Amino acid sequence: MQSITLHNHTIMSTPTISKEKTSKLVSRILILGGTGRVGSSTATALSHLCPGLQLQIGGRNRKQGAALVSSLGENSEFVELDIYNQRMLKEALEGVDVVVHAAGPFKVQDKCAVLKAAISSKTAYVDVCDNTDYALRAKGLHEKAIAAGIPAITTAGICPGVSNVMAAKLVDAARNRDGATPESLRFSYYVAGSGGVGPTMLLSCMYLLDEEAIAYDKGKEVKMKPYSGVLNIDFGEGIGKKDAYLLNLPEVRSAHQILKIPTVSARFGSDPFFWNWAMQASARFLPKEFLRDKNKVFGIVQSIDPLVRIVDEISGQSLSMRVDLNCTDGKKKVGLFTHKRLSVSAGYAAAAFVLAVLEGSTQPGVWFPEEPEGIAVDARKVLLERAAQGTSNFVMQ
């Protein structure tokens, strides 16, 4: 049992896993982007949490797919496909119980093709989207998903995803246990280097630099410059205090609207310090036209990929998330989640959402993680326990 101190609050951490239902699950899961960092770690996490699952690794790199399947064992197979090829996608979804969309970046996917194919084939759906526009487009397919009778969860990764569920747990405890009124919610994220995710992390951040950072202040939407509004956040034992900057992240809007919190913001920071300086400079000086040119941004990221890999070796690959909830009576609640490798943690997070869907937690429709129709209130604890595998700190005040 582990304890840490945050702003004079001592919180006990007991990350354990519930296996009551997982051993009984025998389903077929298709993981798109399965040979990528997040997709492959999702497959690995699912094989550990529920060995009986049939895993299909969807991707374009047959060599990488074969290597992953070899490590996963006889319950897995590689399926070569391109998510932009509707015929291949339709064929791959036949007989699948849940499709996991981990083929980012989501900024460049403006048609929600995978979700539409899942609805058409009546296949349950989970994505690890971290882009506000994509998440809202996915939510726009809510009625079609209901008509098809399929459950779907968008932004069901680590951050957003697990962080949303942490926020929902804190809000529920404040309102229903303490009788308090929540007034502000702050998401803070820290990643060392790329967290082991590689260019995908940097690419997602770069794409966000052409978007104003949306936050809410006492119910009013406010727009600020990306990578501004720096705060020095205490991420607890093993990480310490780190600078974090405003970004336009989907959990801000969904938490404001669904959890009914008047003031919400989200911040992100990284190590080493010059990554933050580079992001600030890019947001401030690069023309918007350049940042909106996806090919140019991709070219920059590809060119510095060797540097990213070197930095990962030096800085480590850790992830830390902190969720702060303040109430009108002065009471405060804190959630903290720290893992030494973002890429591994992201896989367990996505796997936790997949298992929740398989166990019947999700109703038909398209949901955000904090919606009880997406992850039922009584299923949140188990989801967080599964996602917290391997954490050095996991605390919920």
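As the structure is a computational prediction, the values presented were derived from the model and not from experiment. (Residues numbered from 1 in each chain as written. Predicted model: local features only at pLDDT ≥ 70, side-chain atom pairs only at ≥ 80, totals over all residues. Heavy atoms only, no water.)

Enquirer: Please set out the overall build of the protein chain residue by residue, giving values where relevant.
Expert: Within the protein chain, the regular secondary structure consists of 15 helices and 18 strands. Here the C-alpha coordinates of the protein chain stretch approximately 55 × 50 × 40 Å along the principal axes. Looking at the protein chain residue by residue over its 397 residues, the buried ones come to 58%. Taking as baseline every contact in the protein chain between residues at least 6 positions apart, the subset at least 24 positions apart corresponds to 74%. Charge separation in the protein chain, taken as the distance between the mean sites of 45 positive and 39 negative side-chain charges, equals 1 Å. (Helix = DSSP H or I, 4+ residues; strand = E, 2+ residues; numbered from the N terminus. Buried < 20%, exposed > 50% of the residue type's maximum accessible area, 1.4 Å probe, protein only. Contact = heavy atoms within 4.5 Å. Lys, Arg positive; Asp, Glu negative; His and termini not counted. Charge placed at Lys NZ, Arg CZ, Asp CG, Glu CD.)

Enquirer: I'd love a proper account of the pairing of strand 12 (residues 231-234), names of residues and values included.
Expert: Looking down a regular strand, the side chains alternate between one sheet face and the other. By the bridge criterion, four bridges tie strand 12 to strand 13 (residues 241-246) in an arrangement that is antiparallel. Pairing of Asp234 across the sheet is with Lys241, part of strand 13. Counted along the chain from strand 12 to the antiparallel partner strand 13, the turn is six residues long, and its residue Gly236 has a positive phi close to 80°. (Pairing = 2+ DSSP bridges.)

Enquirer: Residues and numbers for the side chain of Thr123, please.
Expert: Note that Thr123 resides in the loop between helix 4 (113-121) and strand 7 (124-127). Relative accessible area serves as the criterion here: at 1%, Thr123 is assigned to the buried category. A distance of 2.8 Å separates the side chain of Thr123 from the side chain of Ser121, its partner in a polar contact. (Polar contact = N/O pair within 3.5 Å; in protein donor to acceptor, adjacent residues only side chain to side chain.)

Enquirer: Mind laying out the nonpolar core, listing which residues take part and the relevant values?
Expert: Core analysis: the biggest nonpolar cluster contains 122 residues, and Val162 and Leu185 have the highest contact counts within it. Looking at which element gives the most residues to this core, the answer is helix 14 (residues 342-358), with twelve residues. Not counting the four nearest positions on each side in its chain, Val162 is found in contact with Gly157, Met321, Phe337, Ala349, Phe353, Leu384 and Ala387. The next biggest cluster of nonpolar side chains, apart from the first, holds six residues, and it includes Tyr190, Ile233, Phe235 and Ile239. (Core = buried A, V, L, I, M, F, W, Y, C linked by side-chain atoms within 4.5 Å.)

Enquirer: Could you give me a rundown of the pairing of strand 9 (residues 182-192), with the residues and numbers involved?
Expert: Taking burial as the measure, the eleven residues of strand 9 include nine buried ones, the bulk of the element. Two strands pair when backbone bridges link them, and strand 9 and strand 15 (residues 319-327) are joined in this way by nine bridges, in the antiparallel orientation. Across the sheet, Pro182 pairs through a bridge with Cys327, a residue of strand 15. Pairing analysis gives nine bridges linking strand 9 to strand 14 (residues 263-271), with the strands arranged parallel. For Ser188, the partnering residue across the bridge sits in strand 14 and is Arg267.

Enquirer: Can you tell me about the sheet that holds strand 7, naming the residues and giving the values?
Expert: Taken together, the seven strands give an open sheet; going across it, the order is 5-4-3-6-7-8-17, and neighbouring strands pair in parallel fashion. Looking at the sheet topology across the chains shown, the edges are occupied by strand 5 (76-80) and strand 17 (365-367). Strand after strand, the sheet turns through a mean of 20° between neighbouring axes, direction not considered. Summarising the sheet, strand 3 (residues 28-32) and strand 6 (residues 98-101) pair through four bridges and their orientation is parallel. Its bridge partner lying in strand 6, Leu30 is registered against Val99. Where helix 1 (residues 37-49) meets the sheet, it contacts strand 3, strand 4 (54-59) and strand 6, and its direction lies at approximately 160° from that of strand 3. Taken strand by strand, helix 5 (residues 132-139) contacts strand 6, strand 7 and strand 17, and its axis lies near 155° from that of strand 17. (Axes fitted to C-alpha atoms, helices over the stretch in contact; angles between N-to-C directions.)

Enquirer: I'd like to hear about the UniProt feature "domain: Saccharopine dehydrogenase NADP binding" (unreviewed entry) in the protein chain, residue by residue, with values.
Expert: Those residues carrying the UniProt feature "domain: Saccharopine dehydrogenase NADP binding" (unreviewed entry) are residues 29-153 in this numbering. The annotated region residues 29-153 carries 45% helix and 21% strand content, and the separation between its end C-alpha atoms amounts to 15 Å. (UniProt positions renumbered as here; feature names shortened; annotations may be inferred.)

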